[in-house]
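# A closer look at the structure
As a plain string of letters, each chain reads:
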Amino acid sequence: MNKKKQQKSLSVRLQLRDATQARHAAVHTHPLFSRLLASDIAEAELAAINFAHLRAFTQIEAARDALSLWPDLSLAHRIRALRADLSAPPEILPEAYAYTAAYILGGLYVAYGSAFGARMIVKALRRALPDAAVTYYEMNDPQAWHLLCTRLEHLEGRSVGHAIDGANAVFDALLLTPASRRLHARRAHVDDTPSHPL
């Protein structure tokens, strides 16, 4: 089976998983994110991790909201939790660029997928930093994840590539790499955006 036929036989979610695997692994080995389960994590380290999430999620949520897509996949509640845990974070002004719906859905795939393992993270943080606010990590929404995965499977053709781009851009933003500029600077063609939610 050639690579193109193999990709076509994979679900869109599995295609996203495979296409983002390197960046996903990079999160776990990143000097900052790898500290999340450390017994001696400092409050400043946790705050930096939370702010990285806040920055990435604010941009993709602004893009979703601008197109009035999938209110049931809104990241507003996660953003509120992150801001509460950070106490007084600086204001983040998202860039007003046009993204395709598929690109946004790919970004949401990373945002909601980041909740996996949260129970273990909460236990580790409560041991290491008993007084730290961990509201964000206590959030769990399996129904939203199921809805997201269902909508991903409606993507086809170049929309799958847009979703992969959106997912990788959010990973890049989390990793604080120069490529994170793509989340702010990459312009997707407005005429590629479906006129109705997937």
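Everything that follows concerns the structure shown earlier in this document.
What comes next is a walk through the structure. (Residues numbered from 1 in each chain as written. Predicted model: local features only at pLDDT ≥ 70, side-chain atom pairs only at ≥ 80, totals over all residues. Heavy atoms only, no water.)

### Structural notes on the packing of helix α4 (residues 43–66) against helix α5 (residues 76–86)
Geometry of a packed helix pair, given as the angle between the helix axes and the separation of the axes. It is at 10 Å that the axes of α4 and α5 come closest, and there the two elements cross at 150°. Comparing the axis directions of α4 and α5 gives the class roughly antiparallel. Crossing handedness for the pair α4 and α5: left-handed. Counting all contacts with α4, which are made through Ala47, Asn50, Phe51, His53, Leu54, Phe57, Thr58 and Glu61, the residues of α5 involved are Ala76, Ile79, Leu82, Arg83, Asp85 and Leu86. Considering only residue class, the contact of α4 with α5 consists of 8 nonpolar, 3 polar and 3 charged. (Axes fitted to C-alpha atoms, helices over the stretch in contact; angles between N-to-C directions. Helix = DSSP H or I, 4+ residues; strand = E, 2+ residues; numbered from the N terminus. Parallel < 35°, antiparallel > 145°, perpendicular 65-115°, else oblique. Left-handed = near helix turned anticlockwise from the far one by under 90°. Contact = heavy atoms within 4.5 Å. Nonpolar A, V, L, I, M, F, W, Y, C, P; charged D, E, K, R; others polar.)

### A short note on helix α7 (residues 118–128)
Burial in α7 covers these residues: Ala118, Ile121, Val122, Ala124, Leu125 and Ala128. One side of α7 holds all its buried residues, which, seen down the axis, span an arc of 170°. Exposed and oriented more than 90 degrees from the buried face of α7 are Arg119, Met120, Lys123 and Arg127. (Buried < 20%, exposed > 50% of the residue type's maximum accessible area, 1.4 Å probe, protein only. Arc of directions from axis to C-beta.)

### Some thoughts on the environment of proline 89
Relative to the helices and strands, proline 89 resides in the loop between α5 and α6 (101–113). Taking the relative accessible area as the measure of exposure, proline 89 reaches 15% and is therefore buried. For proline 89 and asparagine 50, which are 39 residues apart along the polypeptide, the C-alpha to C-alpha distance reads 9.8 Å.

### A closer look at the layout of surface pockets
The space that makes up the largest pocket amounts to roughly 660 Å³. Along its surface, the largest pocket is lined by 24 residues, and His24, His28, Gly113, Ser114 and Phe116 are the ones closest to its centre. Of all the secondary-structure elements, those providing two or more residues to the lining of the largest pocket are α2 (12–19), α3 (21–29), α6, α7 and α9 (158–174). Of the residues belonging to the lining of the largest pocket, the class tally is 14 nonpolar, 8 polar and 2 charged. (1 Å grid on protein atoms, 1.4 Å probe; cavity = no way out; pocket = protein on both sides within 12 Å on 5 of 7 lines; lining within 4 Å. Points joined across faces, edges and corners; volume = space filled by probe spheres on them.)

### Some words on the packing of aromatic side chains
Describing an aromatic ring pair means giving the distance of the ring centres and the angle of the ring planes. Overall, the coordinates contain 5 aromatic pairs when judged by the stated rule. Here the aromatic rings of phenylalanine 57 and tyrosine 136 are separated by 6.3 Å at their centres, their planes lie at 55°, and the arrangement is tilted. One end of the pair, phenylalanine 57, is in helix α4; the other, tyrosine 136, is in the loop between α7 and α8 (142–152), with 79 residues separating them in the sequence. Accessibility assignment for this pair places phenylalanine 57 and tyrosine 136 in one class, buried. (Phe/Tyr/Trp six-rings, centres within 6.5 Å; stacked < 30°, edge-to-face > 60°.)

### Some thoughts on empty space enclosed by the protein
Taking a probe equal in size to a water molecule and rolling it over the atoms shows the remaining empty space. Here the structure, examined in full by the defined rule, presents 1 cavity of 30 Å³ or more. Considering only enclosed or pocket space, the largest cavity measures out at about 30 Å³ in volume. Lining the largest cavity are Arg78, Ser114, Ala115, Ala118, Tyr136, Tyr137 and Met139. Looking at the lining of the largest cavity residue by residue, the classes come out as 5 nonpolar, 1 polar and 1 charged.

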